[in-house]
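Overview (structure and organization)
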Amino acid sequence: QVQPVESGGGTVSAGGSLRLSCAASGSIVVINSMGWYRQAPGRQRELVASILSGGSTNYADSVKGRFTISRDNAKNTMYLQMNSLKPEDTAVYYCNVDAVSPMTMQPADYWGQGTQVTVSP
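Each value, and the rule that gives it
- Residues numbered from 1 in each chain as written.
- Predicted model: local features only at pLDDT ≥ 70, side-chain atom pairs only at ≥ 80, totals over all residues.
- Heavy atoms only, no water.
- Core = buried A, V, L, I, M, F, W, Y, C linked by side-chain atoms within 4.5 Å.
- Buried < 20%, exposed > 50% of the residue type's maximum accessible area, 1.4 Å probe, protein only.
- Helix = DSSP H or I, 4+ residues; strand = E, 2+ residues; numbered from the N terminus.
- Contact = heavy atoms within 4.5 Å.
- Phe/Tyr/Trp six-rings, centres within 6.5 Å; stacked < 30°, edge-to-face > 60°.
- Pairing = 2+ DSSP bridges.
- Axes fitted to C-alpha atoms, helices over the stretch in contact; angles between N-to-C directions.

This part covers the nonpolar core. Counting 30 residues, the largest nonpolar core has Trp 36, Leu 80, Met 82 and Tyr 93 as its most contacted members. Of all elements in the fold, only β3 (18-26), β4 (30-39), β5 (46-52), β7 (67-72), β8 (77-82), β9 (91-100) and β11 (115-120) reach the threshold of two or more residues within this core. With five residues, the single largest contributor to this core is β9. Residues in contact with Met 82, not counting those within four places in the same chain, are Gly 16, Ser 17, Leu 18, Leu 20, Arg 66, Phe 67, Tyr 93 and Val 117.

Across all of its chains, the model carries one aromatic pair by this definition. With a centroid separation of 5.0 Å and an interplanar angle of 65°, the aromatic rings of Tyr 37 and Trp 111 are classed as edge-to-face. Highlighted residues: Tyr 37 in strand β4 and Trp 111 in strand β10 (residues 107-111), separated in sequence by 74 residues. Judged by its relative accessible area of 24%, Tyr 37 falls in the partly exposed class. On the basis of relative accessibility, which here comes to 37%, the residue Trp 111 falls in the partly exposed class.

Unusually for a residue other than glycine, Asn 76 sits at a positive phi of about 50°. Looking at the element boundaries, Asn 76 is found in the loop between β7 and β8. Given the relative accessible area of 24%, Asn 76 is considered partly exposed. In this model, Met 105 sits at a positive phi of 55°, which is unusual for a non-glycine residue. Turning to its location among the elements, Met 105 is positioned in the loop between β9 and β10.

Once that is clear, we can look at the environment of Gln 1. Within the element layout of this structure, Gln 1 appears in the segment before β1 (2-7). Separated by 103 residues in sequence, Gln 1 and Thr 104 have C-alpha atoms that sit 9.6 Å apart. With near-sequence residues (within four places) excluded, Gln 1 lies in contact with Ser 25, Gly 26, Ser 27 and Tyr 110.

A word on the sheet that holds β1. In a beta sheet, neighbouring strands are held together by backbone hydrogen bonds and run either parallel or antiparallel to one another. If you walk across this open sheet you meet the four strands as β1-β3-β8-β7, and the pairing is antiparallel. Looking at which strands have only one partner, the edges of the open sheet turn out to be β1 and β7. Ignoring strand direction, the axes of neighbouring strands in this sheet form an average angle of 15°. In this sheet, β8 lies alongside β7 in antiparallel orientation, the contact comprising six bridges. From the neighbouring strand, Ile 69 faces β8, where its bridge partner is Leu 80.

Written as structure tokens, this is what we have:
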């Protein structure tokens, strides 16, 4: 079973920065893509950024130029550097891992428990 674990959330003032980490542990054959999603109260979960194993990235328009996603394939770890944070970035941030486990030898989505990010005005 693949287990993503997030860390690095917290409370910051508007204009500040935070860095989130997601470490995927367990039995892993290969990780295809990794991504960050967020869900604010009363809203649907939305994609923030994603990164493929080769390094190609994709960002939501709302975070382009402010957030940077990266990954360390050797450590099965992904990062999200968040700069110039705004109150509207407040949400629970979830790590998503598209990986193949030796149990199934099929790609599947695995989710972390989430980490709270709060940006005060």
